[in-house]
Amino acid sequence: MHARNRFRDGYDFDQLVTASPTLAPFVVPNPYGDLSIDYSNPDAVKALNRALLIHGYGLEEWDVPPGYLCPPIPGRSDYVHYLADLLATGDPPVPPHGRSVTVLDIGVGANCVYPLIGAREYGWAFVGSETDPVAYRSAAKLAAANSSVADLIECRLQTLTAECFTGVIRPGETFSASMCNPPFHASPEEAAAAARRKTRNLGRATPGVQTLNFGGQPGELWCDGGELAFVRRMIIQSADVRERCRWFTTLVSNSEHLTRLYAALRQVSARTVRTIGMAQGQKQSRILAWSFEI
């Protein structure tokens, strides 16, 4: 994990339960005798996320509607910290703080996690776009419910579902950076198969029963063409708003997609391209960043 990640040394479940007592029923000793939760249980995962956000970031309230994505907080924190490194200036480079840093979160999700973390860690101002009306209302409600960040987060409903920037960025508006966690899978069948594999790996598989411990709606988990098609479309569209955003960034889960994404970036004449590796345990991912300005 990133050096500034609040959770790089693991979880203190006693402190987490004190901060968020709703976690208590899910905390049990694991086979090694350490306190943990059953990560295959979606209710336990949600309770853990709520405790991490309350204890780690001083949030007052957090929840997601049933069936919506409940992402792992440490991994989402890493993206924010690596984005801060990308925006850092000076010698040695210092990550920027304050609302003069403006970030567009493409597909903010019902969980509103990136804006909540970024606003609390760095005081950045966020615009979160969302095509799903339920997710949009949930994100806006979470922003408003947390008084420490309410004036730093604005959520906008994107009615142009094929667009990443048009319909969201307003006339004269500019951003320091954009960020995105794109849908990974290319079909609901592919997403369901991945969920079954994950459940088996957690050792809790039940024949004939599919459990999404992290939740997720179609737009969160899959889209036509999957991650590759989504990010390629984003790259093409970024060229049309090249003067509106200093850095464009997105998660890329599959390293095999990078060669074709680099080719797409050459086609739109991106001036600078960077790939930032991330790792949480056995999970490997990366941030693809590009700029037409730097």
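Everything here concerns the structure above.
So, here's what we can say about the structure. (Residues numbered from 1 in each chain as written. Predicted model: local features only at pLDDT ≥ 70, side-chain atom pairs only at ≥ 80, totals over all residues. Heavy atoms only, no water.)

## What about helix H8 (residues 226–238)?
One turn of an α-helix holds 3.6 residues; hence residues three or four places apart share an orientation.
Now for step 1: A rise of 1.5 Å per residue sets the reference length of H8, with its 13 residues, at 18 Å; its end C-alpha atoms lie 18 Å apart and thus fit the reference within 8%.
Now for step 2: Buried within H8 are the following residues: Gly226, Glu227, Leu228, Phe230, Val231, Met234, Ile235, Gln237 and Ser238.
Now for step 3: Where the residues of H8 are buried, they touch strand S3 (102–106), strand S6 (175–180), strand S7 (245–252), helix H9 (258–267) and strand S9 (283–291). (Helix = DSSP H or I, 4+ residues; strand = E, 2+ residues; numbered from the N terminus. Expected span 1.5 Å × (residues − 1). Buried < 20%, exposed > 50% of the residue type's maximum accessible area, 1.4 Å probe, protein only. Contact = heavy atoms within 4.5 Å.)

## Considerations on the packing of helix H3 (residues 73–87) against helix H4 (residues 113–122)
Now for step 1: Two numbers describe how H3 lies on H4: the axes approach to 10 Å, and their chain directions differ by 55 degrees. Considered as vectors, H3 and H4 are oriented oblique to each other. Crossing hand, H3 versus H4: right-handed. Across the interface between the two elements, Ile73, Arg76, Ser77, Tyr79, Val80, His81 and Ala84 from H3 touch Val113, Tyr114, Ile117, Gly118, Glu121 and Tyr122 from H4. (Axes fitted to C-alpha atoms, helices over the stretch in contact; angles between N-to-C directions. Parallel < 35°, antiparallel > 145°, perpendicular 65-115°, else oblique. Left-handed = near helix turned anticlockwise from the far one by under 90°.)

## Description of the pattern of salt bridges
Now for step 1: Applying the stated criterion across every chain yields a total of 9 salt bridges.
Now for step 2: The partner of aspartate 63 in a salt bridge is lysine 46, with the nearest N and O atoms 3.4 Å apart. Of this pair, aspartate 63 sits in the loop between helix H2 (42–57) and H3 while lysine 46 sits in helix H2; the two residues are 17 residues apart in sequence, bridging distant segments of the chain.
Now for step 3: Classification of aspartate 63 by relative accessible area gives partly exposed; the value is 35%.
Now for step 4: Here the salt bridges share partners, and the residues they tie into one network are Glu154, Arg156, Arg170 and Glu173. (Salt bridge = Lys/Arg side-chain N within 4 Å of Asp/Glu carboxyl O.)

## A look at H9
Now for step 1: Of the residues making up H9, those classed as buried are Leu258, Leu261, Ala264 and Leu265. Down the axis of H9, the sector holding all buried residues measures 115 degrees, keeping them to one side. Turned more than 90 degrees from where H9 packs its buried face, Thr259, Arg266 and Gln267 sit exposed.
Now for step 2: Here the buried face of H9 lies against H8, S7, strand S8 (272–280) and S9.
Now for step 3: Backbone geometry just downstream of H9 places serine 269 in the positive-phi region, at approximately 60 degrees. (Arc of directions from axis to C-beta.)

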